[in-house]
Amino acid sequence: MANNRPKLAVFKFASCDGCQLSLLDCEDELLAVAGKVHIAHFPEASRESVRGPYDVTLVEGSITTPDDVERIQKIRRRSKMLVTIGACATSGGIQALRNFRDVKEFTSIVYAHPEYIRTLETSTAIADHIPVDFELRGCPVNKYQLIEVLNAMLWGRKPQIESGSVCVECKRRGTVCVMVAQGMACLGPVTHAGCGAICPAYNRGCYGCFGPQETANMDPLSEKLAGLGVLATNIARLYSTFNAGAEPFEKARRQVEATNN
Amino acid sequence: MKRRTIKVDELTRVEGEGAMHIEMRGDEVTDVKLTIYEPPRFFEGFMQGRDYSEAPDITARICGICPVAYQMSSVYAMEDAFGVEVDGVLRELRRLLYCGEWIESHVLHVYLLHLPDFLGFESAIHMAKDHGETVAKALRLKKAGNAIVSTLAGREIHPINVKVGGFYRAPTKQELGGLLEELEWSLGMAEEMVRFTAGLSFPDFEKDYEFVALRHPEEYPCCEGKLVSNRGLDIPISEFREHFVEIHEPHSTALHCKLKERGMYFVGPLARYNLNFDKLPENIQELALEIGLGKTCRNPFKGIIIRSVETLYAVQEALRIIKSYEPPAVASVPVEPRESVGHGCTEAPRGILYHRYELAEDGSIRHAQIVPPTAQNLPTIEDDLRQYVTQFMALPDSELKWQCEQAVRNYDPCISCSTHFLKLTIDRK
Ligand code: SF4
Ligand code: SF4
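Since we're looking at a predicted model, the values are computed, not measured.

## Some points on the overall build of chain B
Part 1 of the reasoning: Within chain B one finds 15 helices and 13 strands.
Part 2 of the reasoning: Here the C-alpha radius of gyration of chain B, 21 Å, is about what a compact globule of 429 residues would show, namely 22 Å.
Part 3 of the reasoning: In terms of overall dimensions, chain B has C-alpha extents of about 70 × 55 × 45 Å along its principal axes.
Part 4 of the reasoning: Considering chain B as a whole, with its 429 residues, one finds that 67% of them fall into the buried category.
Part 5 of the reasoning: When the accessible surface of chain B is summed, it comes to about 14000 Å², and 47% of that surface belongs to carbon and sulfur atoms.
Part 6 of the reasoning: Distance between charge centres in chain B, computed from 49 positive and 65 negative side chains, equals 3 Å.

## Points about the site of ligand 2
Part 1 of the reasoning: Taken together, the residues surrounding ligand 2 are A:V166, A:T191, A:C195, A:I198, A:C199, A:P200, A:C206, A:Y207, A:G208, A:C209, A:F210 and B:R155.
Part 2 of the reasoning: The residues that come close to ligand 2 belong to more than one chain, namely chains A and B.
Part 3 of the reasoning: Among the detected pockets, ligand 2 sits in the second largest cavity.
Part 4 of the reasoning: Per element, the largest residue contribution to the shell around ligand 2 is 3 residues, and it comes from helix α9 (residues 198-201) of chain A.
Part 5 of the reasoning: Residue classes in the shell around ligand 2 are distributed as 9 nonpolar, 2 polar and 1 charged.

## Observations concerning the site of ligand 1
Part 1 of the reasoning: Around ligand 1 sit 13 residues in total, of which A:C16, A:C19, A:A87, A:C88 and A:C139 are the nearest.
Part 2 of the reasoning: Near ligand 1, the surrounding residues are drawn from chains A and B.
Part 3 of the reasoning: Of all the cavities here, the one that holds ligand 1 is the largest cavity.
Part 4 of the reasoning: Those elements that provide at least two residues to the shell around ligand 1 are α1 (18-24) and α4 (87-91) of chain A.
Part 5 of the reasoning: Its residues assigned to classes, the shell around ligand 1 comprises 6 nonpolar, 5 polar and 2 charged.

## Brief notes about helix α11 (residues 232-239) of chain A
Residue and element names in this part refer to chain A.
Part 1 of the reasoning: For α11, the tally of buried residues reaches 6 of 8 residues, placing the bulk of the element in the interior.
Part 2 of the reasoning: Of the positions making up α11, those classed as buried are A232, I235, A236, R237, L238 and Y239.
Part 3 of the reasoning: Buried residues belonging to α11 abut α10 (218-227) and α12 (247-259).

## As for the packing of helix α13 (residues 373-391) of chain B against helix α14 (residues 397-409) of chain B
Any two packed helices are characterised by how steeply their axes cross, that is the angle between the axes, and by the distance between the axes.
Residues and elements named next belong to chain B.
Part 1 of the reasoning: The N-to-C vectors of α13 and α14 enclose an angle of 150 degrees; their axes lie 10 Å apart at closest approach. Between α13 and α14, the crossing angle belongs to the class labelled roughly antiparallel. You can see that α13 and α14 cross each other, and the crossing is right-handed. On α14, the residues that touch I381, L385, Y388 and V389 of α13 are L400, Q403, C404, A407 and V408.
Part 2 of the reasoning: Here the residues of the contact of α13 with α14 are counted per class, giving 8 nonpolar, 1 polar and no charged.

## Side note on the layout of surface pockets
Part 1 of the reasoning: The computed volume of the second largest pocket comes to approximately 810 Å³.
Part 2 of the reasoning: Forming the walls of the second largest pocket are 26 residues, and the residues nearest its centre are A:R204, A:L238, B:S53, B:E54 and B:Y168.
Part 3 of the reasoning: When contributions to the lining of the second largest pocket are tallied by element, the ones reaching two or more residues are α11 of chain A together with α2 (55-60) of chain B.
Part 4 of the reasoning: For the lining of the second largest pocket, the leading source of residues is α11(A), giving 3 residues.
Part 5 of the reasoning: Taken together, the residues of the lining of the second largest pocket break down into 14 nonpolar, 6 polar and 6 charged.

## Brief notes about empty space enclosed by the protein
A probe matching the size of a water molecule, rolled over the atoms, marks out where space remains unfilled.
Part 1 of the reasoning: Evaluated as defined, the whole model comprises 12 cavities of 30 Å³ or more.
Part 2 of the reasoning: Lining the largest cavity are 16 residues, and of these A:C16, A:C19, A:C88, A:C139 and B:H158 lie nearest its centre.
Part 3 of the reasoning: Counting residues per element, the ones that place at least two in the lining of the largest cavity are α1 and α4 of chain A.
Part 4 of the reasoning: Residue classes in the lining of the largest cavity are distributed as 7 nonpolar, 5 polar and 4 charged.
Part 5 of the reasoning: Reported here for the second largest cavity is a volume of approximately 100 Å³.
Part 6 of the reasoning: The element contributing the most residues to the lining of the second largest cavity is α9(A), with 3 residues.
Part 7 of the reasoning: Looking at the lining of the second largest cavity residue by residue, the class counts come to 10 nonpolar, 3 polar and 1 charged.

## Some remarks on the side chain of B:H126
Part 1 of the reasoning: In this structure, B:H126 sits in helix α5 (residues 124-130).
Part 2 of the reasoning: A polar contact is formed between the side chain of B:H126 and the side chain of A:E48, at a distance of 3.0 Å.
Part 3 of the reasoning: Among the polar contacts listed, one links the side chain of B:H126 to the side chain of B:S123, at a separation of 2.7 Å.

## Topic: the domain arrangement of chain A
Residue and element names in this part refer to chain A.
Part 1 of the reasoning: The domains assigned to chain A are domain 1 (2-155) and domain 2 (166-259).
Part 2 of the reasoning: On a C-alpha basis, the centres of domain 1 and domain 2 stand 26 Å from each other.
Part 3 of the reasoning: On the side of domain 2, 15 residues touch domain 1, which itself brings 14 residues to the contact.
Part 4 of the reasoning: Taken together, the two surfaces of domain 1 and domain 2 that pack against each other cover about 1100 Å², and 60% of this comes from carbon and sulfur.
Part 5 of the reasoning: Where domain 1 packs against domain 2, one counts 0 salt bridges.
Part 6 of the reasoning: For the pair domain 1 and domain 2, the interface holds 3 residue pairs in polar contact (both at pLDDT 80 or more).

## Describing the confidence of the model for chain B
All names here are of chain B.
Part 1 of the reasoning: This prediction gives chain B a mean pLDDT of 91; 93% of its residues lie at or above 70.
Part 2 of the reasoning: Counting contacts from residues 420-429, a segment whose pLDDT is below 50, to residues more than four positions away or on other chains yields 55 contacts.
Part 3 of the reasoning: Here the predicted complex carries an ipTM of 0.94, next to a pTM of 0.94.

## Here's the deal with the sheet that holds strand β13 (residues 365-371) of chain B
Residues and elements named next belong to chain B.
Part 1 of the reasoning: An order of β11-β12-β13 is seen for the 3 strands of this open sheet, with the pairing classed as antiparallel. Strands at the two margins of the open sheet, each flanked by one partner only, are β11 (340-348) and β13. Adjacent strand axes in the sheet meet at a mean angle of 15 degrees when their direction is disregarded.
Part 2 of the reasoning: One ladder, built from 6 bridges, connects strand β12 (residues 351-359) with β13; its direction is antiparallel.

## What to know about the pattern of salt bridges
Part 1 of the reasoning: Throughout the structure, instances matching the rule amount to 55 salt bridges over all chains.
Part 2 of the reasoning: In this structure, B:K142 and A:D25 form a salt bridge, with 2.6 Å as the shortest nitrogen-oxygen distance. Of this pair, B:K142 sits in helix α6 (residues 132-153) while A:D25 sits in the loop between α1 and α2 (30-36), which puts the two residues in different chains. Per residue, the accessibility class of B:K142 equals that of A:D25, and both read buried.
Part 3 of the reasoning: Residue B:E358 is joined to B:R356 by a salt bridge in which the shortest nitrogen-to-oxygen separation is 3.0 Å.
Part 4 of the reasoning: Residue B:E358 is classed as partly exposed on the basis of its relative accessible area of 26%.

## What about the domain arrangement of chain B?
Residues and elements named next belong to chain B.
Part 1 of the reasoning: Along its sequence, chain B is carved into domain 1 (3-40 + 377-428) and domain 2 (43-376).
Part 2 of the reasoning: Centre-to-centre, using C-alpha coordinates, domain 1 lies 24 Å away from domain 2.
Part 3 of the reasoning: Interface area for domain 1 against domain 2, summed over the two sides, is near 3800 Å², with a carbon-plus-sulfur share of 56%.
Part 4 of the reasoning: Inspection of the domain 1/domain 2 interface yields 4 salt bridges.
Part 5 of the reasoning: Between D412 and R350 there is a salt bridge, with its nearest N and O atoms 3.3 Å apart.
Part 6 of the reasoning: The tally of links between domain 1 and domain 2 comes to 15 residue pairs in polar contact (both at pLDDT 80 or more).
Part 7 of the reasoning: Broken down by secondary-structure element, the contributors of at least two residues to the side of domain 1 that touches domain 2 are β3 (28-36), α13, α14 and α15 (415-418).
Part 8 of the reasoning: Examining the composition of the side of domain 1 that touches domain 2, we find that 10 residues originate from one element, α13, more than from any other.

Definitions and limits used
Residues numbered from 1 in each chain as written. Chains lettered and ligands numbered in written order. Predicted model: local features only at pLDDT ≥ 70, side-chain atom pairs only at ≥ 80, totals over all residues. Heavy atoms only, no water. Helix = DSSP H or I, 4+ residues; strand = E, 2+ residues; numbered from the N terminus. Rg over C-alpha atoms; globule rule 2.2 N^0.38 Å. Buried < 20%, exposed > 50% of the residue type's maximum accessible area, 1.4 Å probe, protein only. Areas by Shrake-Rupley, 256 points an atom, 1.4 Å probe, with all protein chains shown as cover. Lys, Arg positive; Asp, Glu negative; His and termini not counted. Charge placed at Lys NZ, Arg CZ, Asp CG, Glu CD. Near = heavy atom within 4 Å. 1 Å grid on protein atoms, 1.4 Å probe; cavity = no way out; pocket = protein on both sides within 12 Å on 5 of 7 lines; lining within 4 Å. Sits in = over half its atoms within 2 Å of the grid points. Nonpolar A, V, L, I, M, F, W, Y, C, P; charged D, E, K, R; others polar. Contact = heavy atoms within 4.5 Å. Axes fitted to C-alpha atoms, helices over the stretch in contact; angles between N-to-C directions. Parallel < 35°, antiparallel > 145°, perpendicular 65-115°, else oblique. Left-handed = near helix turned anticlockwise from the far one by under 90°. Points joined across faces, edges and corners; volume = space filled by probe spheres on them. Polar contact = N/O pair within 3.5 Å; in protein donor to acceptor, adjacent residues only side chain to side chain. Domains from an automatic or database assignment. Buried area = accessible area lost by both parts, 1.4 Å probe. Salt bridge = Lys/Arg side-chain N within 4 Å of Asp/Glu carboxyl O. pLDDT = per-residue confidence, 0-100. Pairing = 2+ DSSP bridges.

Next comes the structure, spelled out in structure tokens:
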């Protein structure tokens, strides 16, 4: 079947499966997408596995084991276009929290099969290891953006993905600013757009799950948060969640911690 | 003696990464291993030093398929620690959210992950060629479940509206009312799902399992109750650690959980159903009996029927909650952190999910323990494979291999979940 349709592959590294699940959560589009491509490798959904090369490869998860450092190279060689999906794949995700602590804290048991249990001291983004054609942010990604990127890749055009901040999306949505009106801590001003500004619409501050926007201006936000009475430990916690390894967030956290010591 | 090996290097249509290895000599099964090679993820370590209020959002990231379960077990554990009870409408809303996740997760498993085995297809997408209408209807039902979660809590994967004490914002009547039409349709569809799955053919395979689930005096269990089993276990969740123990098997990056006194046990839809049949609404009990399911089911392959029964229950329960909904005066009750220990145990789609936290006076987490359902089922899954292969030895390799995969999928294993908590050797570069 499907021999002349473009081949789509989905690969997983250290992750929660949420980003690839977003594809199966496209209930209205799934069968249409499946009709346009040949789903050649997608273990969560199918027993069938066809060898590459693949026209479009989606990669979820971060690099955390020595074997995975090699596996991603092989996947790159077999993929024409390679898109990383989600915070894990684009910034090391929540697993990057290990990057800042003594890994010995997590070490206690020695296993009998070291080839499968070795782990690296760091959790890193896919783009730290191989060239990536497009990075889609979010923890999880927005499924409509995922469909857009897939379509763009299949048609050989540039994906239409907005690059502004969550703040812009709040304005568009007509949500009253939770920081100004209620003094809530919010990372909206520095967070990459894409979710549609969900959190403020539910009466809470953004916690940055889409990661930093391209021109994130962190210092004024840290000052603003301190001005609202948010403790330094809590500002640092805000910067170190699902995109803790993204450079602007990591730098800002170090900055906050440094000024407080 | 003739040696035979059945090997699946990458288990498919499960969440996460694992392999299966079975060895036989003559008529004897000599080795069965489910190797979990999913990279280790240090969640329990990461939780140390974080604020109690961060637990629902951080632990959600253990699993993209059942984030609500992680959020619920963590908020219940924190509220237990701080001596807070969330009741009335807020409790109903939590139940509604969980219904959404049960529907979405069960329908995903029944139609997209498990049914292709029964009908002999590689995937639901292959299956859609011949059964287009069935797959389309299944997706619509799944969407109705997802819509509950995203309406109530912002989005379907890693919802953003759950907090210790309740919600950040309670939905309006209109918002929930908007779900009614699809849920009314879903009621009919879910009944069809029960009848359809009951008509599939099942291998003749039964075992005398020890089933473990929550049991609540008034309702089919979801977030609260005691832990009970068909062999006399009857304990408050706070005694979990006195009765269950986690063991490290060398071939797996997941810990296996066993009952200290009796060893392996079974959690998930079958266990819930067998231990709580009497708590299902009358019409659902009648339907279950009518289709020949009986009050107790010991054939794990029939999990597909029970997931369908629970889907119907969740749709019906969601409708009940939405129809009687009046927005609460406040979206959450205040909590006051204190030095304490708290336990939470809720019924994730795949079975009981236990959380335990030790907290410092300022509400920061000193220690976290999380026991996901799949880790509890792993010894039972391996044992099923051993017995299954012994019983069906005569089948040709390719058929036996596929049926073994199906036997693993009976449990809807979530391998990502089961490896979240490892402490490991670090390979320094
Ligand atoms: S980015 Fe978030 S949702 Fe996606 S795989 Fe990682 S933890 Fe899961
Ligand atoms: S508002 Fe912020 S934290 Fe909330 S979903 Fe959007 S990006 Fe994520």
